[in-house]
Amino acid sequence: MADAPRSHDPKEPVVIKKYANRRLYNTETSSYITLEHLATMTREGRDFQVFDARSGEDITRSVLTQIVMEEESTGQTMLPVPFLRQIIAMYGDSMQSMVPHYLEASMAAFAENQNKFRDAALKPFEQLAKQNMALFHAATEMLTGGRGVAAKGKPMAGPAPAASVAGRDDEMTALKAQLAALQARLDSIAKG
C-alpha cells in the first residue's frame, strides 16, 4: 500500500535538502526541484528552509543569495552597483550588525506601501479614462443630435432637442480643444 501524501501546514517552512550534486529535494512533494521553483515559492509567499543533506547545516541564506544572483544575471537588475558596493563596504564595519535590521525594516515598509505606490501610479490613467469617456459621450451627443446613447449602445428614445448651427460649431471647437489638451497630457505622460 502506498504512503499517503504528507499534509503540510502552510505556516511551517517547507524543508528543502541540497545534495552534493547540487540537486534540491523538496521533502513536501518528494520531488527534485530547481532554483526557479524556489523563486516561484518565494513569490507566492511560501516559506522554506534549505539544509545541506550531508551536514544538516541551514544554507537558506546562501541559496536565496544564489537565486538573487540568477535573477540579476537575466538583465532585469534591481540591485544598483553603488548599493552593492555599499553592502560590501559594510562587512567588518562597526555598523554591520545594524544593516540586516535596517534592510529588513525598509523592505517591510516598502511591501506595506506597495499597493499605495501602484494606486498612485495608476491615478493619472484613471483620470484620463474618465476624461476619455466624457469626450466620447460629448461626441456621441453631438453626432446623434443630442439623443445620446443608452447603456447598451442603442440611441435613447425621445425627440432630439433643436440645436443651432452656431451651438454645434461651439461644441465642436470645445471638443477639439479638449482633444488637443488630452493629447498633450498623453504626450507628457509618455515622455515620463
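Residues numbered from 1 in each chain as written. Predicted model: local features only at pLDDT ≥ 70, side-chain atom pairs only at ≥ 80, totals over all residues. Heavy atoms only, no water.

## Comments concerning the overall build of the protein
Scanning the protein from N- to C-terminus turns up five helices and four strands. N-terminal to C-terminal, the α/β element order of the protein is β-β-β-α-β-α-α-α-α. Looking at the protein as a whole, 14% of its 192 residues are labelled buried. Once local pairs closer than 6 in sequence are excluded, the contacts in the protein between residues at least 24 apart make up 42%. (Helix = DSSP H or I, 4+ residues; strand = E, 2+ residues; numbered from the N terminus. Buried < 20%, exposed > 50% of the residue type's maximum accessible area, 1.4 Å probe, protein only. Contact = heavy atoms within 4.5 Å.)

## Overview of a negative patch on the surface
Residues E141, D169, D170 and E171 make up a contiguous surface patch of negative charge. At three residues, helix α5 (residues 165-191) tops the list of elements feeding residues into the negative patch. (Patch = residues over 30% accessible without salt bridge, like charges linked within 9 Å, V, L, I, M, F, W, Y side chains within 5 Å. Areas by Shrake-Rupley, 256 points an atom, 1.4 Å probe, with all protein chains shown as cover. Salt bridge = Lys/Arg side-chain N within 4 Å of Asp/Glu carboxyl O. Lys, Arg positive; Asp, Glu negative; His and termini not counted. Charge placed at Lys NZ, Arg CZ, Asp CG, Glu CD.)

## Topic: the sheet that holds strand β4 (residues 48-52)
In space, the four strands of this open sheet follow the order β3-β2-β1-β4, with mixed pairing throughout. The two strands at the open ends of the sheet, each matched to only one other strand, are β3 (31-33) and β4. Strand after strand, the sheet turns through a mean of 35 degrees between neighbouring axes, direction not considered. Where strand β1 (residues 14-18) meets β4, five bridges bridge the pair, whose relative direction is parallel. In the sheet register, V14 faces β4, and the bridge partner there is F48. With respect to the sheet, helix α2 (residues 60-72) is in contact with β1 and β4, its orientation differing from that of β4 by roughly 110 degrees. (Pairing = 2+ DSSP bridges. Axes fitted to C-alpha atoms, helices over the stretch in contact; angles between N-to-C directions.)

## Things to note about helix α4 (residues 99-143)
If you check α4, its first and last C-alpha atoms are 64 Å apart, about what 45 residues at 1.5 Å a residue would give, namely 66 Å. At N113, α4 shows its maximal kink, close to 45 degrees. Considered for burial, the residues of α4 that qualify are V99, L128, L135, T140 and M142. (Expected span 1.5 Å × (residues − 1). Bend = angle between axes of the 7 residues up to and from the residue.)

## Remarks on the nonpolar core
Membership of the largest hydrophobic core comes to 13 residues, with the highest contact counts inside it found for I16, L24, L38, F48, V50 and V63. Looking at this core, the elements with two or more residues in it are β1, α1 (35-43), β4 and α2. With four residues, α1 is the single largest residue contributor to this core. For V63, the contacting residues outside a window of four places in its chain are K18, L35, L38 and V50. Counting five residues, the second-largest nonpolar core is a separate cluster that includes L135, M142, L175 and L182. (Core = buried A, V, L, I, M, F, W, Y, C linked by side-chain atoms within 4.5 Å.)

## Concerning the pattern of salt bridges
Following the criterion strictly, the structure yields three salt bridges and no others. The closest approach of N and O atoms between E36 and R43, which form a salt bridge, is 3.6 Å. For R43, a relative accessible area of 55% corresponds to the exposed category. Two residues, E71 and R43, come together in a salt bridge whose shortest N-O distance is 2.9 Å.

## Structural notes on the packing of aromatic side chains
As enumerated under the stated definition, the model contains two aromatic pairs in all. Ring centres of Y25 and Y32 lie 5.1 Å apart, and the angle between their planes is 65 degrees; on these two criteria the pair is classed as edge-to-face. Joined through ring pairs, the aromatic side chains of Y19, Y25 and Y32 make up one cluster. The ring of Y32 is capped by R23, whose NZ or CZ atom sits 3.9 Å from the centre of that ring. (Phe/Tyr/Trp six-rings, centres within 6.5 Å; stacked < 30°, edge-to-face > 60°. Lys NZ or Arg CZ within 6 Å of the ring centre and 35° of its normal.)

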